[in-house]
Amino acid sequence: MSTAYPTTWRKPPQMIHSRALRIALALGAVVYLVLAIGTIEVNWARVVAGMERAQRFVAGFLQPDFTTRWRDISNGLMESLTMTFTSTVVGVAISIPIGVGAARNVAPRAVYLVCRAIIATSRALQEIIVAIFFVALFGFGAFAGFLTLTFATIGFIGKLLAEDIEDIDEAQAEAIRATGASWLQLINYAIQPQVMPRLIGLSLYRLDINFRESAVIGIVGAGGIGAALNTSLSRYEYSSAGAILLIIIAIVMMAEYSSGYLRKWVK
Amino acid sequence: MLRIEGLKKTYKTGDKALSDVSFEVPQGQVVGLIGPSGAGKSTLIRCINRLVEPTSGNVLLNDLNLPALRTAELRRARRRIGMIFQEYALVERLTVMENVLSGRLGYVGFWRSFMRRYPDTDIANAFRLLDRVGLMAHADKRADALSGGQRQRVGIARALAQDPELLLIDEPTASLDPKTSRQIMRLIVEICRERGLPAIINIHDVVLAQQFSDRIIGLQAGRVVFDGPPAGLTEDVLTRIYGEEDWTAMRNGAAEDAEAEAEDKAQAEKMLRAL
């Protein structure tokens, strides 16, 4: 009657079944890590000198100077905010049709491939590279920055929107299709209500990414607060740079909180 | 009238969902389509309005051969075929009214539907239908704020808003409790009677099917293995459709159910009289 059941149980290996291979792979990874770290050259004298600069920088950061360069800072800030807002609006507007086209369940195959290609291009090119390109094309300033951020927004929103559309509840779409609805009506009645809250959330999220990016691409000449930051750093005006960084942090935090609040509100 | 001739469906994976299904549904008849899971019930009703493309065969709705239609003609044909779904399939973030009006999408242009400016007659009709299914007070609520039974009533109103010539009903009671299931089935059958609508109801619950339909079609592995009146569903027939099982126990349960329902009704009438 009483069968002796085992009293121990171990979770079987999930990916690699051979014990020897598992150990060999782990050892290989450790050896490579050690060798790789060994190849990084460190100039300790330079590091010491750098620490000194870091001290000056931290000191400047602790005593931020908003007044001396206020004109540059406020101009850069306005430019950045304008760039952020316009590029997000235009970028989202362009990425909606591209996102719909890149969703396999609603777009024909040819359209799908074209839209995916656009998204892939946009995502493959990092903002800085795109910014350098647009600065070379259209010169220094906010216009290059606007184009860069718009381009980056298309890849970001387009991809996430397409994935969201592919994840919708098909039953709702099927029900609308069964009423004899056209393709546009299907998008408007079955797809849009399902993806709208997430699209709004993503757009707000992209708005605050675009603001942060506007500070970065300014460094390569695409205008905005980044340009002001670059100028003050190259003039060794660390207290002005500190002031700019504090402003960026404050705005990003504000954007973060308000977008989080708004996202909770739209559901 | 609906006539299905030699309908076949083989999925790309090679699964034969339907092999040579033929039958006719005259005006006003409510057909209960029963069969085990995977017998092809869902595929069959979706092949009628071509949510699933049939491999071959004819589906004639009032002499219009549906499988032969091109896209625009198919849309025009679909708007006369109402469909009611398992799990309701309402667009959850739209209001109840929008869901009912979506039954008119095949009749109005894109801008009208986009601006939600439907013709007056459509709106009046939508309110009339909401009143008919007892949801007049809920028109402006979001669909996901309703209970299961209420949602299925909206689903019914949406299908009726299409002004259908045929109702396709896929497991209408699969996610409802027994009492609500009976109310929903009764409502569907009443509406079919009122309008002389033919309907095909895909249903798991044999007892419900017997109780509410005029005719039963039993599907097994993509073939019709029974076609007859509900009374003809003997234990032999059930075994032919579903395989070996103790059917008497189910029968007894059903008898108890019916008794309980009769009691409920008597109770309700008593209360009404007391009022």
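Residues numbered from 1 in each chain as written. Chains lettered and ligands numbered in written order. Predicted model: local features only at pLDDT ≥ 70, side-chain atom pairs only at ≥ 80, totals over all residues. Heavy atoms only, no water.

**Student:** Explain the interface of chain B and chain A here, please?
**Tutor:** Size of an interface: often given as the accessible area lost when the parts come together. At the interface, 30 residues of chain B touch 20 residues of chain A. The largest contributions to the chain B side of the interface with chain A come from Arg93, Leu105 and Phe110 of chain B, which together make up 27% of the buried area. Linking chain B with chain A are one salt bridge. In this structure, Arg46 of chain B engages Glu174 of chain A in a salt bridge whose closest nitrogen and oxygen atoms are separated by 2.7 Å. The tally of links between chain B and chain A comes to eleven residue pairs in polar contact (both at pLDDT 80 or more). Mapped by element, the contributors of at least two residues to the side of chain B that touches chain A are α2 (71–78), β6 (81–84) and α4 (110–114) of chain B. When residues in the side of chain B that touches chain A are grouped by element, the largest group, three residues, is from α4 of chain B. (Contact = heavy atoms within 4.5 Å. Buried area = accessible area lost by both parts, 1.4 Å probe. Salt bridge = Lys/Arg side-chain N within 4 Å of Asp/Glu carboxyl O. Polar contact = N/O pair within 3.5 Å; in protein donor to acceptor, adjacent residues only side chain to side chain. Helix = DSSP H or I, 4+ residues; strand = E, 2+ residues; numbered from the N terminus.)

**Student:** Would you take a moment to explain the sheet that holds β6 of chain B for this structure?
**Tutor:** What links the strands of a sheet is backbone hydrogen bonding, and the strands pair in either a parallel or an antiparallel sense. All names here are of chain B. Strands sit in the order β6-β7-β8-β3-β9-β10 across an open sheet of six strands; the sheet is mixed. Each of the sheet's edge strands pairs with one partner strand only, and the pair in question is β6 and β10 (223–228). Mean inter-strand twist for the sheet, computed between neighbouring axes without regard to direction, equals 20°. Of the strand pairs in this sheet, strand β3 (residues 30–34) and strand β9 (residues 215–220) are connected by four bridges, and their pairing is parallel. Within β9, the position partnered with Leu33 by the bridge is Ile217. (Pairing = 2+ DSSP bridges. Axes fitted to C-alpha atoms, helices over the stretch in contact; angles between N-to-C directions.)

**Student:** I would appreciate a short explanation of the packing of aromatic side chains in the present structure.
**Tutor:** Think of a pair of aromatic rings as described by two things: how far the centres are apart, and how the planes are tilted against each other in angle. Counted according to the given criterion, the structure contains nine aromatic pairs over all chains. An angle of 25° between the planes, with centres 6.4 Å apart, marks the rings of Phe143 of chain A and Phe146 of chain A as stacked. Of this pair, Phe143 of chain A and Phe146 of chain A are both found in helix α6 (residues 142–166), three residues apart, which corresponds to roughly one turn of the helix. An aromatic cluster is built from Phe133, Phe134, Phe138, Phe143 and Phe146 of chain A, whose rings are joined through pairwise contacts. The ring of Phe156 of chain A has Arg206 of chain A sitting right over it, with the charged end atom 5.0 Å from the ring centre. Cation over ring: Arg116 of chain B sits above Tyr189 of chain A, and NZ or CZ is 4.2 Å from the ring centre. (Phe/Tyr/Trp six-rings, centres within 6.5 Å; stacked < 30°, edge-to-face > 60°. Lys NZ or Arg CZ within 6 Å of the ring centre and 35° of its normal.)

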